[in-house]
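# Fold and contact review
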Amino acid sequence: MCTIGVVRLADDDYLLFKNKDFVRQHFDDRLTVDQDIFGAAGVTTWDGGDAVDDNFSGMSVGANRHGLLCCDSNVRTLPDHANYDDLVEIALRQGTDVPSAIKAVEEAVERRPYLWGNLIMIDAVQSASLEVRSGQVEVVPLEDAAARANHHVVLGAHPENDDTITSQDRFESAKERVTRVSRLGDVLDLLSSHDQGETGVCNHSLYQTVYSYVLRMTSGTLTLHITQGKPCESPSPLELTVPVGASWSTAAESEFRAAYPSSRSGAAA
């Protein structure tokens, strides 16, 4: 379960955020990092307790050299459906901006059904939310800062969604808080918040927040503010420059992987 969103702080300053919530209390990201793209791998076994059995696929959060940022959140898991994390990777590998990323996702969903999920994306000019439901995609252009949780806002909630307990509360909290964001610190406060107690955006209830991410593009420089574990229990996130585009080099990638908080970060995905 996840809470995700986008914010534009200024014309040349925009960001995407995500709290990654799993049934287990600890998780180690697997990374893709090269000149074109950065991504933390998605996993279809988020509701499992044994890391040995993890099944990685696609990307749950990432960015590309064009300045496109994208992430997702689970809505409903069904058999014989492709992983929604694959759609994030498709968006980032094929998209140069929000419109081209939307087109790539729509074409992928036309070819086969995908697990139900929310995608949210932002570039230097525009942002959008995509609600994926098997073979259907509902595109919602975003004029302002926005947040999503683990149900569909436009297509509507379903009684068999994977999270029918905490999603609505987290969405309402994030939706209200994101309208008041004016600086990075407000986003970090949002990700650490407990407006509904343990079912807050920082999740301590049925699901546990295992990572907190803020990807920020400022004047062409991409930074990642990341916490492994619950952000409310960390004094401050780790800030890393993401080596994509002109900032990529073998040395920069190695330094990024070494600093990234994960036992799986050292080897290429």
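Above this text is the structure in question.
What comes next concerns the included structure.

Cut-off values and rules
- Residues numbered from 1 in each chain as written.
- Predicted model: local features only at pLDDT ≥ 70, side-chain atom pairs only at ≥ 80, totals over all residues.
- Heavy atoms only, no water.
- Pairing = 2+ DSSP bridges.
- Helix = DSSP H or I, 4+ residues; strand = E, 2+ residues; numbered from the N terminus.
- Axes fitted to C-alpha atoms, helices over the stretch in contact; angles between N-to-C directions.
- 1 Å grid on protein atoms, 1.4 Å probe; cavity = no way out; pocket = protein on both sides within 12 Å on 5 of 7 lines; lining within 4 Å.
- Points joined across faces, edges and corners; volume = space filled by probe spheres on them.
- Nonpolar A, V, L, I, M, F, W, Y, C, P; charged D, E, K, R; others polar.

This part takes up the sheet that holds strand β6 (residues 69–76). Read across the open sheet, the seven strands follow the order β3-β4-β5-β6-β7-β8-β9; overall the sheet is antiparallel. Of all strands in the sheet, those with a lone pairing partner are β3 (31–33) and β9 (136–142), marking the two edges. For this sheet, the mean angle separating the axes of adjacent strands, direction not counted, is 20°.

Where empty space is left becomes clear once a probe the size of a water molecule has been rolled over the atoms. Taken as a whole and judged by the stated rule, the model has one cavity of 30 Å³ or more. Empty space within the largest cavity amounts to approximately 110 Å³. The wall of the largest cavity is formed by 15 residues, among which Cys-2, Phe-22, Val-43, Tyr-84 and Asp-85 lie closest to the centre. Of all the elements in the fold, those that place two or more residues in the lining of the largest cavity are β2 (13–22), β4 (37–43), β6 and α1 (84–94). Tallied by class, residues from the lining of the largest cavity come to seven nonpolar, four polar and four charged.

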